[in-house]
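# A look at the structure
Chain residues, written in single-letter form:
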Number of protein chains: 2
Amino acid sequence: MKKYCFGIDVGGTTVKCGLFNVKGDVLDKWEIPTRTENNGINILPDVADTIDAKIREKDIDKDEIVGVGLGVPGPVDESGAVHGAVNLHWGYIQLEDQMTRLLGLPVKAGNDANVAALGEMWKGGGAGCHNVVMVTLGTGVGGGIINNGQIVTGTHGAGGEIGHIHVTDSLTDPCNCGNTGCLEQVTSATGITFLAKRKLASDVRPSMLREGEVSAKTVFDAVKEGDELACAVAEEFGRYLGTALANVAGVTDPEIFVIGGGVSKAGPILLDYIKKYYQQYAFAACKSTAFALAELGNDAGIYGAAKLVL
Amino acid sequence: MKKYCFGIDVGGTTVKCGLFNVKGDVLDKWEIPTRTENNGINILPDVADTIDAKIREKDIDKDEIVGVGLGVPGPVDESGAVHGAVNLHWGYIQLEDQMTRLLGLPVKAGNDANVAALGEMWKGGGAGCHNVVMVTLGTGVGGGIINNGQIVTGTHGAGGEIGHIHVTDSLTDPCNCGNTGCLEQVTSATGITFLAKRKLASDVRPSMLREGEVSAKTVFDAVKEGDELACAVAEEFGRYLGTALANVAGVTDPEIFVIGGGVSKAGPILLDYIKKYYQQYAFAACKSTAFALAELGNDAGIYGAAKLVL
């Protein structure tokens, strides 16, 4: 009888691993380092070794394992191949095939942002929903879209690349993607810092932000203190993200938006700024769509990876 | 053995009907008037009657029929119910259930724009593709999104409501949807006329458009004659639509965009203006996504409706 599965989240620094039962309870959680040298040739064997070691440690029969889900930081196509993952130093890799050969178990792989969205839908901020858009506000802006319980991968693995929606013609510096005026440039942690510094330079009002380091965290800390200039930055952030998500709603019309990543630690006040502009610009039928903060933090990836095979 | 199905496209003026074989060849095509009086109470019985009459006329056994697909101008939820269809004077109707009872055949219903997208994917401009975004540029701007061969209906039936993506803060008049700055306001036939009239008022250059009636058709006719002012209007149209579709690509990453509706009669030159801005703003992986003109014209709806049950 099938009792277990593994959810593996391969990051640029560490590989997060989880052993789950088929109900989705995490039974064990651990990490191994990601060895990216030599074009990341050791990463998959290392993952296979740590899974094999865990199977022996827990005295699990391989017949009891449903399979292994893998989230990786790159686009994964329908055949389970990765077309380059910069942070892992990978080129083209037939990921699912290689892991299946290494482990002798069924393997299913997905892009890490999409897989995290699946995790939040299953056990986190979007639990109980089947149509979820997850937005991760970190160094960049990641996105994952779940429609009818399935990841929207897209033709080129670019489904849910919400961070690169064009939102403004007012920027001159290019985004990491090469385009100019992307959502990521104004709503990631880096983007919020940029908005704050630009505001500080153009606005003469006094502000807590004029002392010490400016970051997404200090901006929202100042917002909570009622700092007028910080609030103006939060409005600008909310207008960009709320309008972009209204436009996403006009495409896939989700039940819920789940907001995660480091910036989401600012808490519910973050959602207030987003929802204000979302509700202004969303199509009538979508104006009441729910917003929630992500709940699984760094574990979203292992939960979503496990869900891939269940 | 199942040999036939019906594809029905219920519009505000006429109901378009098609009898198909299971390969998708249309065997017969006809129309009946849409009787919208008395809250459209006669529409479904009229459709059932015309199907029953066709079954008798062709001497078809009901056991040979796979089912009946229906496209309607309103949102259809997962249970097959319609939550209001203004052009049919309908409120809430349990569409699939009612039609099944009237006909004694399996019935599947969908929103007309989504169903037309399915038709173009199956037998039209998107043939051979499984991830298609269709945009219909008519009096308004309709949209339909097919992901992995399935319509993206959305939670509130608003999946693919591309016409109401917010594209500009520069408008003051509201869209029919109640919001301001929607794609529909600047890229529908009406929207192109608006852009042209605004340009004529603010630009002193001579133009063919200064004589006679201004419409989407006369604008693109003038573009083909090299009329500078008309070309400037087409650029503006292309920038709004190309940027919006680049943003759609960042959400669902389709294989192909299919452009239909009356405005698409302008031909391939229309796609050139859209692609110029699409390629500027699309995420790198999506820059080479194909564009095609719709091929089925007014028949897209009956083809897509038939595909719903096949």
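One can find the structure itself at the top, above this paragraph.
For clarity, every value in this text was computed on a predicted model and none was experimentally measured.

### Section: the environment of A:A109
Residues and elements named next belong to chain A. Within the secondary structure layout, A109 lies in strand β7 (residues 107-111). Sequence separation of A109 and V82 is 27 residues, and the distance between their C-alpha atoms is 8.9 Å. Discounting chain neighbours no more than four positions away, the residues touching A109 are L70, V76, L95, E96 and L308.

### Focus on the packing of helix α6 (residues 189-202) of chain B against helix α8 (residues 228-252) of chain B
All names here are of chain B. Between α6 and α8, the least distance of the axes is 10 Å, while the angle of their chain directions is 135°. With respect to each other, α6 and α8 are oriented oblique. By crossing handedness, the relation of α6 to α8 is classed as right-handed. Counted together, I192, L195, A196, R198, K199 and L200 of α6 and L229, A232, V233, E236, F237 and Y240 of α8 form the full contact between these two elements. When the residues that make up the contact of α6 with α8 are grouped by side-chain class, the tally is nine nonpolar, no polar and three charged.

### Examining the interface of chain A and chain B
Taken together, the contact between chain A and chain B spans 42 residues of the former and 42 residues of the latter. Buried area between chain A and chain B, both sides added, is near 3,200 Å², and the carbon and sulfur share of it is 52%. The interface formed by chain A and chain B contains zero salt bridges. Taken together, chain A and chain B are joined by 26 residue pairs in polar contact (both at pLDDT 80 or more). Of the residues contributing to the side of chain A that touches chain B, the split by class is 15 nonpolar, 20 polar and seven charged.

### Thoughts on the pattern of salt bridges
All names here are of chain A. Under the definition given, this model contains 27 salt bridges over all chains. Where K108 meets E96, a salt bridge forms, and the shortest distance between an N and an O atom there is 3.6 Å. Here the residue K108 occupies a position in strand β7, and E96 occupies one in helix α3 (residues 95-103), the gap between them amounting to 12 residues. The structure contains a network of salt bridges with shared partners spanning D28, K54, E57 and K58.

### Some details on the sheet that holds strand β1 (residues 4-10) of chain B
In sheet architecture, strand pairing relies on hydrogen bonds along the backbone and comes in two forms, parallel and antiparallel. Residue and element names in this part refer to chain B. Overall, mixed pairing links the five strands, which are arranged β3-β2-β1-β4-β7 in an open sheet. Of all strands in the sheet, those with a lone pairing partner are β3 (26-33) and β7 (107-111), marking the two edges. Taking each pair of neighbouring strands and ignoring which way they run, the sheet shows an average axis angle of 15°. Pairing analysis gives seven bridges linking strand β2 (residues 14-21) to β3, with the strands arranged antiparallel. Counterpart to G18 in the pairing with β3 is K29. Sitting on the sheet, helix α4 (residues 112-123) is in contact with β1, β4 (65-72) and β7, with an inclination near 105° to β7.

### Looking at α3(A)
Residues and elements named next belong to chain A. Residues of α3 that are buried: L95, E96, M99 and L103. Down the axis of α3, the smallest arc covering the buried residues is 90°, so these residues share one side. Of the surrounding elements, those touching the buried residues of α3 are α2 (43-57), β4 (65-72), β5 (82-85), β6 (90-93) and β7. Phi for G104, located one or two positions after α3, is positive at around 65°.

### What to know about the sheet that holds strand β8 (residues 132-137) of chain A
Residues and elements named next belong to chain A. Pairing is mixed in the open sheet, where five strands are placed in the order β10-β9-β8-β11-β12. With one partner strand each, in any of the chains shown, β10 (150-151) and β12 (290-293) form the two edges of the open sheet. Two elements, strand β11 (residues 256-260) and β12, share four bridges in a ladder whose sense is parallel. Residue pairing across strands places I259 opposite L293, the latter belonging to β12.

### Considering the pairing of β1(B)
All names here are of chain B. With seven of its seven residues buried, β1 lies for the most part within the structure. Here β1 shows no split at all, with Y4, F6, I8 and V10 on one side and C5, G7 and D9 on the other all buried. When β1 meets β2, the two strands line up antiparallel, connected through seven bridges. Across the sheet, the residue bridging to Y4 is N21, located in β2. Between the end of β1 and the start of β2, which pair antiparallel, lie three residues.

### Observations concerning unusual backbone geometry
Not every positive phi belongs to a glycine, and A:N38 is a case in point at roughly 55°. The backbone phi angle of B:N148 is positive, close to 50°, even though this residue is not glycine.

Conventions and cut-offs
- Residues numbered from 1 in each chain as written.
- Chains lettered and ligands numbered in written order.
- Predicted model: local features only at pLDDT ≥ 70, side-chain atom pairs only at ≥ 80, totals over all residues.
- Heavy atoms only, no water.
- Helix = DSSP H or I, 4+ residues; strand = E, 2+ residues; numbered from the N terminus.
- Contact = heavy atoms within 4.5 Å.
- Axes fitted to C-alpha atoms, helices over the stretch in contact; angles between N-to-C directions.
- Parallel < 35°, antiparallel > 145°, perpendicular 65-115°, else oblique.
- Left-handed = near helix turned anticlockwise from the far one by under 90°.
- Nonpolar A, V, L, I, M, F, W, Y, C, P; charged D, E, K, R; others polar.
- Buried area = accessible area lost by both parts, 1.4 Å probe.
- Salt bridge = Lys/Arg side-chain N within 4 Å of Asp/Glu carboxyl O.
- Polar contact = N/O pair within 3.5 Å; in protein donor to acceptor, adjacent residues only side chain to side chain.
- Pairing = 2+ DSSP bridges.
- Buried < 20%, exposed > 50% of the residue type's maximum accessible area, 1.4 Å probe, protein only.
- Arc of directions from axis to C-beta.

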